[in-house]
Structure formats: structure tokens, C-alpha cells
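Coordinate analysis (summary)
Each chain, letter by letter, is given below.
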Amino acid sequence: MAEGSASLAEVETSFQKFAVHGDTKATGKEMNCKNFAKLCKDCRVIDGKNVTTTDVDIVFSKVKAKSARVITFEQFNQALTELAPKRFKGKSKEEALQQLYGLIAGKEPANVGVTKVAKAAAVDRLTDTSKYTGAHKERFDDSGKGKGKAGREDIPDSSGYVGSYKGSGTYDSKVNEA
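**Section: helix 2 (residues 33-42)**
For an α-helix, 3.6 residues make a turn, and residues three or four places apart therefore share a direction. Residues Asn35, Phe36, Ala37, Leu39 and Cys40 constitute the buried set of helix 2. Of the residues flanking the end of helix 2, it is arginine 44, one or two places downstream, whose phi is positive at about 60 degrees.

Structural data, given as C-alpha cells:
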């Protein structure tokens, strides 16, 4: 797809994907400032020279309703109309807007730089249950699976015999002999 020949439907699809990013309750019809800034950063609308994160925040505040915290797709288009001449200086407003649509169309939120689970040797060593000693060793079976409550507590013997009695379980056999 050539840059600058993006349809409004493709831009709206990108808007919806960024609108629901990181928010489980989002419907995709409205976008908050954080996701608008992420869209601008991921789609390279923010270039660091002509358009900065501050510019994006100011434009977002300008197009949203006074008491609202989110913008609709129509307000999103308004914001892009204000950002386009700043991003593409020396071009007409229409050309700049079409090029901005070209940057945004078909994009999805990137997860680059998101924290991954650390897989270090130190973590492996600390979580290896075969190396546990003492009371902690009793909490796991041979395969390393936890025993649950049985591994954490001393469960009392409710068999009726006194502790350390050697002949437990022999009562019936002694009564039958007599």
C-alpha cells in the first residue's frame, strides 16, 4: 500500500485496536489520552522534532469535550487534522492528512519493550525444589510438586492411640484371641 492512499476504514480499524489496548472494559469507540499518545508514537506521528508528545497531549485536550477523558473517532479525525500540517510541513493540509492516514492505517499496538519474565540462573537456582533443605523440603514431593496443606501443617493422628504407642492396630487381634 502506498503511503498516502489509506482509506478512512483502515484508519478507523487502527483507532479501534489502539482504543481497546490495555483496557479490558474498552469498547473501541472511544480512546483515552494514553492510547492516543501510544498510537502517535507507534505509528511514527511523533517524530521528536516537528511533533512531540507535548503537542499530542495539547491537541488531545483541545479536541475532547471539556469534562470528558476520551475522544470519539470524529474527534480523533479532528486531532489528526490539527497534527498533519505540523508533521508534514510544506505540504497542503489535504496531502499532509492523507500521508498521516498512510502512517496510521493497518497498524496495531506494539508490545516492544514490554517487561518479560526474567529467566536468570539465579531465579532457577532459587526455585529448584530439589535443593531445598529442612522444613521447606517437606513441603514438596519428589517431582517438585507442592503437597499443599499436608506439607505445611502437622496433621494430628486421630486414630485413638496415644502417640509413640507401638502396638497400634492390634486391639482387634488381641480381643479375638481371648
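**Considering helix 3 (residues 53-63)**
Taken residue by residue, helix 3 has Asp55, Val56, Val59, Phe60 and Val63 as its buried positions. Buried residues of helix 3, viewed axially, fall in a sector of 135 degrees; they line one side. Tucked into the core, helix 3 has its buried residues touching strand 1 (31-32), helix 2, strand 2 (70-71) and helix 4 (73-87).

**Some thoughts on the packing of aromatic side chains**
Applying the stated criterion across every chain yields a total of 6 aromatic pairs. With centroids separated by 5.8 Å and ring planes inclined at 35 degrees, the aromatic side chains of phenylalanine 36 and phenylalanine 60 adopt a geometry described as tilted. One end of the pair, phenylalanine 36, is in helix 2; the other, phenylalanine 60, is in helix 3, and 24 residues separate them in sequence. In this structure phenylalanine 36 comes out as buried when scored by relative accessible area, which is 0%. Taking the relative accessible area as the measure of exposure, phenylalanine 60 reaches 2% and is therefore buried. Clustering of aromatic rings is evident, with ring pairs tying together Phe15, Phe36, Phe60, Phe73 and Phe76. The ring of phenylalanine 88 is capped by arginine 87, whose NZ or CZ atom sits 5.0 Å from the centre of that ring.

What counts, and where the lines are drawn
Residues numbered from 1 in each chain as written. Predicted model: local features only at pLDDT ≥ 70, side-chain atom pairs only at ≥ 80, totals over all residues. Heavy atoms only, no water. Buried < 20%, exposed > 50% of the residue type's maximum accessible area, 1.4 Å probe, protein only. Helix = DSSP H or I, 4+ residues; strand = E, 2+ residues; numbered from the N terminus. Arc of directions from axis to C-beta. Contact = heavy atoms within 4.5 Å. Phe/Tyr/Trp six-rings, centres within 6.5 Å; stacked < 30°, edge-to-face > 60°. Lys NZ or Arg CZ within 6 Å of the ring centre and 35° of its normal.

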